[in-house]
Amino acid sequence: MGRGGPTDTSGENSNALQGFSSATAAPNQEISKDIGVEGTAILAVSDPLTNLIDDKSGLRSYRIKRGDTLSGISKKFTISIQTIRSANPWIKSVLTPGKDISILPVDGALYTVSSQDSIESIASKYGADQNLIKTYNPSYQEILTSGKGSLILPYANPSVVKNTLSAKTPSLPDLGNYFSLPLAGWNWGQLHDYNAVDIANTCGTPVVASADGIVVQDKDFGDGSLGWNGGYGIFVLLEHPNGTKTRYAHLSKALVSVGSPVLRGEKIGLVGNTGNTHGPTGCHLHFEVIGAKNPFVLK
């Protein structure tokens, strides 16, 4: 999910950032051709490190700027190209200025947890140190308890750590135009955890139901009205007549309650930045589809 609140981090020397030092570089850093940057994209000029946003989960979000290459980013943060690819499996042949990528604070891999996982089982399976996993993942207990989210596995081999998200999505049915866009704003269009996309707009902008349905409880987080909720923050979960569900997360306020029937296009909440969010403003909607392909995936 579009995943603590943002804290601005800037400076002249990337090695001055906590968790980033030459000591964390892998001894055999992958050698790869630079990935280019789309020449038509526009990004405000800034110092590279003003684009780095801290995330409560231990990750950092880096906004790509014009002129960036994959090998250049690798050198900037002293992590391998393979580590960057593990955290951003959607990266292909082009880096687009203005797009956010996840930066691990250490060489290793990003692992998507399941409800059966434990620190012991993950460490054993991927050869990672249990204490280091805890150190680099401040919210590891919440993530494992909920069975939702990702963990940084320090010094694990990215090539052997499974990408559970990409393994699950191809089998989902395509329902065409069944779902409508739930928020007027900027759809980043990048598929991420839990078959979701992030749609950005200012906090307080209305969010509407993507299809007819009824407000239901989440089996783990209840009605989603208060609290952290595994990183979702305040959310609304709708169940639709065809058995699918949609989740609208990081809301500043929910306008409907469990048991309420709603119609497509009806206001159900307001955009916020509750839960685990990151980015320049943090105000966006995590729109998740359960049981079908997310029609708003663009990349």
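Just so it is clear, the structure is predicted and the values come from calculations on it, not from any experiment.

## Brief notes about the overall build of the chain
Each helix and strand in the chain was counted, giving six helices and 17 strands. The proportion of buried residues among the 299 residues of the chain is 53%.

## Remarks on helix α3 (residues 119-126)
Along α3, the residues classified as buried are Ile119, Ile122, Ala123 and Tyr126. Down the axis of α3, the buried side of the element spans an arc of 95 degrees, and every buried residue falls inside it. Across from the buried face of α3, at angles greater than 90 degrees, the exposed residues are Ser124 and Lys125.

## Some words on the environment of glycine 176
Examined against the element boundaries, glycine 176 turns out to sit in the loop between α6 (164-168) and β9 (186-187). For glycine 176, a relative accessible area of 37% puts it in the partly exposed group. For the pair formed by glycine 176 and lysine 293, sequence separation is 117 residues and the distance between their alpha carbons is 8.9 Å.

## A look at the pairing of strand β17 (residues 284-290)
β17 sits mainly inside the fold: six of its seven residues count as buried. Bridging between strand β14 (residues 245-254) and β17 involves five bridges; their strand directions are antiparallel. Note on β17: the bridge partner recorded for threonine 246 is valine 289.

## Observations regarding the state of the cysteines
Throughout the structure, instances matching the rule amount to one disulfide. Between the sulfur atoms of cysteine 203 and its disulfide mate cysteine 283 the distance is 2.0 Å. As the torsion about the S-S bond is roughly -90 degrees, the cysteine 203-cysteine 283 disulfide counts as left-handed. A residue pair is termed long-range when its members are at least 10 positions apart, and cysteine 203 in the loop between β10 (196-200) and β11 (206-208) and cysteine 283 in the loop between β16 (267-271) and β17 qualify at 80 residues.

## Description of the nonpolar core
Formed by 23 residues in total, the largest nonpolar core has its most connected members in Val207, Val236, Leu238, Tyr248 and Ile268. Excluding anything up to four places from it in sequence, leucine 238 contacts Ala209, Ala211, Ile214, Val215, Val216, Thr244, Lys245, Thr246, Tyr248, Val262 and Ile268. In this structure, Ile119, Ala123, Leu151 and Ala156 belong to the second largest nonpolar core, which totals 16 residues.

## Considering the environment of valine 297
Mapped onto the elements, valine 297 comes out in the segment after β17. For valine 297, a relative accessible area of 28% translates into the label partly exposed. When the C-alpha positions of valine 297 and glycine 189 are compared, they lie 4.6 Å apart, and in sequence the two are 108 residues distant.

## Focus: the packing of aromatic side chains
Inspection of every chain in the model, using the stated rule, returns seven aromatic pairs. Centre to centre, the rings of phenylalanine 221 and tyrosine 232 are 6.0 Å apart; their planes meet at 75 degrees, and the pair counts as edge-to-face. Here the residue phenylalanine 221 occupies a position in the loop between β12 (213-216) and β13 (234-239), and tyrosine 232 occupies one in the loop between β12 and β13, the gap between them amounting to 11 residues. Residue phenylalanine 221 is classed as buried on the basis of its relative accessible area, which comes to 15%. A cation over a ring is seen here: arginine 247 above phenylalanine 235, with NZ or CZ 4.9 Å from the ring centre.

## Some remarks on the pattern of salt bridges
Within this structure, the stated rule accounts for five salt bridges. Note that lysine 65 is salt-bridged to aspartate 68, the shortest N-O span being 3.9 Å. Note on lysine 65: relative accessible area 18%, which makes it buried. A salt bridge links lysine 148 to aspartate 218; the shortest N-O distance between them is 3.6 Å. One end of the pair, lysine 148, is in the loop between α5 (140-146) and β8 (150-154); the other, aspartate 218, is in the loop between β12 and β13, with 70 residues separating them in the sequence.

## Here's the deal with the pairing of strand β4 (residues 60-63)
Side chains of β4 alternate between two faces, with Arg60 and Tyr62 and Ser61 and Arg63 buried alike. With four bridges connecting them, β4 and strand β6 (residues 100-103) associate as antiparallel partners. For arginine 63, the partnering residue across the bridge sits in β6 and is aspartate 100.

## What about the confidence of the model for the chain?
With 75% of its residues at a pLDDT of at least 70, the chain reaches an overall mean of 77. Confidence over residues 1-54 falls short of pLDDT 50; this stretch has 147 contacts with residues more than four positions distant or in other chains. Within the model, the stretch residues 164-170 combines pLDDT values under 50 with 10 contacts to residues more than four positions away or in other chains.

## Examining unusual backbone geometry
It is generally the case that most residues other than glycine have a negative phi and that most peptide bonds are trans. Positive phi outside glycine occurs at threonine 78, with the angle close to 50 degrees. Considering the arrangement of structural elements, one finds threonine 78 in the loop between α1 (70-76) and α2 (81-87).

Calculation criteria
- Residues numbered from 1 in each chain as written.
- Predicted model: local features only at pLDDT ≥ 70, side-chain atom pairs only at ≥ 80, totals over all residues.
- Heavy atoms only, no water.
- Helix = DSSP H or I, 4+ residues; strand = E, 2+ residues; numbered from the N terminus.
- Buried < 20%, exposed > 50% of the residue type's maximum accessible area, 1.4 Å probe, protein only.
- Arc of directions from axis to C-beta.
- Pairing = 2+ DSSP bridges.
- Disulfide = S-S within 2.5 Å.
- Core = buried A, V, L, I, M, F, W, Y, C linked by side-chain atoms within 4.5 Å.
- Contact = heavy atoms within 4.5 Å.
- Phe/Tyr/Trp six-rings, centres within 6.5 Å; stacked < 30°, edge-to-face > 60°.
- Lys NZ or Arg CZ within 6 Å of the ring centre and 35° of its normal.
- Salt bridge = Lys/Arg side-chain N within 4 Å of Asp/Glu carboxyl O.
- pLDDT = per-residue confidence, 0-100.

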